[in-house]
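Each chain is listed here by its residues.
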Amino acid sequence: KQEVTQIPAALSVPEGENLVLNCSFTDSAIYNLQWFRQDPGKGLTSLLLIQSSQREQTSGRLNASLDKSSGRSTLYIAASQPGDSATYLCARGGSNDMRFGAGTRLTVKP
Amino acid sequence: DGGITQSPKYLFRKEGQNVTLSCEQNLNHDAMYWYRQDPGQGLRLIYYSQIVNDFQKGDIAEGYSVSREKKESFPLTVTSAQKNPTAFYLCASSTGTGKNQPQHFGDGTRLSIL
């Protein structure tokens, strides 16, 4: 059973476009929500961490939001660049587990 | 600078062979984790350790074994009992000792079958 879902699985946009990646989770007992970036053949790099008491976090061109009531988180990327091309994963920290989505593969075309 | 080092980057296993993946961290983190990543799926937890000389099974521990003799090291052995070992293996660590703690990841080891 997929507890953390990321849609779409792949996304291609032209450079400069603002975009939103979606993450939904089924367990409302959320402890934190973490967004990661993964480049091909590499590990995960943490981008943003939202604690359950927070609504959003920002870092540079990235903004992540958390809506516990609807079981959703979004990652907003402003003014996308080709260097943003990667797979973006979200992970939901529950009461005593961490569940990962399968990721959204983003391609930003010059 | 601090981080998590996984080695080797690529590993090949012959039929019936056990292989060991290395994970070392110099972040002074108490907890360490091993995940398996398959195409189109989220990461799945194999084993985790909250403290030296202690570890617990994750969701897919069958066919794997670990040890935690030192705080810095958490090697994973893929045994011959693991019939489908081809995957990307990721090691992580965290300051907190729960399974829900924010984690820092190594660069992974890709295991393939010869």
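Structure: above.
Keep in mind the model is a prediction, meaning the values are calculated, not measured. (Residues numbered from 1 in each chain as written. Chains lettered and ligands numbered in written order. Predicted model: local features only at pLDDT ≥ 70, side-chain atom pairs only at ≥ 80, totals over all residues. Heavy atoms only, no water.)

A. Here's a closer look at the overall build of chain A. Across its full length, chain A carries 0 helices and 11 strands. Ordering the α and β elements of chain A from the N terminus gives β-β-β-β-β-β-β-β-β-β-β. Relative to its length of 110 residues, chain A is compact, with a C-alpha radius of gyration of 13 Å against a globular reference of 13 Å. Summarising its shape, the C-alpha atoms of chain A cover approximately 40 × 25 × 20 Å along the three principal directions. Of all intrachain contacts in chain A linking residues separated by at least 6 positions in sequence, the fraction that spans at least 24 positions is 54%. Accessible surface, chain A: about 5200 Å² in total, of which carbon and sulfur atoms supply 47%. (Helix = DSSP H or I, 4+ residues; strand = E, 2+ residues; numbered from the N terminus. Rg over C-alpha atoms; globule rule 2.2 N^0.38 Å. Contact = heavy atoms within 4.5 Å. Areas by Shrake-Rupley, 256 points an atom, 1.4 Å probe, with all protein chains shown as cover.)

B. Just the interface of chain B and chain A, in detail. The interface of chain B with chain A comprises 18 residues on the first partner and 21 residues on the second. Summed over both partners, the interface of chain B with chain A comes to about 1600 Å²; 50% of that surface belongs to carbon and sulfur atoms. Close ionic contact of Asp59 of chain B with Arg99 of chain A constitutes a salt bridge, the shortest N to O distance being 2.6 Å. Summed over the shared surface of chain B and chain A, the result is 3 residue pairs in polar contact (both at pLDDT 80 or more). For the side of chain B that touches chain A, the secondary structure elements donating two or more residues are strand 4 (31–37) and strand 9 (87–94) of chain B. Here the residues of the side of chain B that touches chain A are counted per class, giving 6 nonpolar, 8 polar and 4 charged. (Buried area = accessible area lost by both parts, 1.4 Å probe. Salt bridge = Lys/Arg side-chain N within 4 Å of Asp/Glu carboxyl O. Polar contact = N/O pair within 3.5 Å; in protein donor to acceptor, adjacent residues only side chain to side chain. Nonpolar A, V, L, I, M, F, W, Y, C, P; charged D, E, K, R; others polar.)

C. Highlighting the nonpolar core. Residues Leu21, Leu33, Trp35, Leu75, Ile77, Tyr88 and Leu106 of chain A are the most contacted members of the largest nonpolar core, which totals 21 residues. Of the residues forming this core, the biggest block, 4 residues, is contributed by strand 3 (residues 19–25) of chain A. Excluding residues within four positions of it along the chain, Leu21 of chain A makes contact with Leu11, Trp35, Ser73, Thr74, Leu75, Ile77, Tyr88 and Thr104 of chain A. Trp34, Ile46, Val66 and Phe74 of chain B belong to the second-largest nonpolar core, a separate cluster that totals 19 residues. (Core = buried A, V, L, I, M, F, W, Y, C linked by side-chain atoms within 4.5 Å. Buried < 20%, exposed > 50% of the residue type's maximum accessible area, 1.4 Å probe, protein only.)

D. Quick look at the pairing of strand 1 (residues 4–7) of chain A. Residue and element names in this part refer to chain A. Only one face of strand 1 is covered, namely the face carrying Val4 and Gln6; the face carrying Thr5 and Ile7 is uncovered. Of the strand pairs in this sheet, strand 1 and strand 3 are connected by 4 bridges, and their pairing is antiparallel. Looking at the pairing, Gln6 lines up with Cys23 of strand 3. (Pairing = 2+ DSSP bridges.)

E. Focus on the sheet that holds strand 7 (residues 64–66) of chain B. All names here are of chain B. Spatially, 4 strands are ordered 1-3-8-7 in an open sheet, and the strand pairing comes out antiparallel. Unpaired on one side and paired on the other, strand 1 (4–7) and strand 7 mark the two borders of the sheet. Looking at each pair of strands side by side, their axes are set apart by 20 degrees on average, direction ignored. (Axes fitted to C-alpha atoms, helices over the stretch in contact; angles between N-to-C directions.)

F. Region of interest: the state of the cysteines. Inspection of every chain in the model, using the stated rule, returns 2 disulfides over all chains. What pairs with Cys23 of chain A in a disulfide is Cys90 of chain A, and their sulfur atoms sit 2.0 Å apart. Sign of the S-S torsion, about 80 degrees for the bond between Cys23 of chain A and Cys90 of chain A, identifies this disulfide as right-handed. Of this pair, Cys23 of chain A sits in strand 3 while Cys90 of chain A sits in strand 9 (residues 86–93), and the two are 67 residues apart along the sequence. This pair shows no difference in class: Cys23 of chain A is buried, exactly as Cys90 of chain A is. Two residues share a disulfide in this structure: Cys23 of chain B and Cys91 of chain B, whose sulfurs sit 1.9 Å from each other. Here the S-S torsion is close to -75 degrees, and the disulfide linking Cys23 of chain B with Cys91 of chain B is therefore left-handed. Of this pair, Cys23 of chain B sits in strand 3 (residues 19–25) while Cys91 of chain B sits in strand 9, and the two are 68 residues apart along the sequence. Cys91 of chain B shares its class with Cys23 of chain B; the two are buried. (Disulfide = S-S within 2.5 Å.)

G. Spotlight on the pattern of salt bridges. Evaluated as defined, the whole model comprises 9 salt bridges over all chains. For Arg92 of chain A, the salt bridge is made with Asp97 of chain A, and the minimal N-O distance between the two is 2.5 Å. On the basis of relative accessibility, which here comes to 15%, the residue Asp97 of chain A falls in the buried class. Each of Glu3, Arg92, Asp97 and Arg99 of chain A together with Asp59 of chain B takes part in a single network of salt bridges with overlapping partners.

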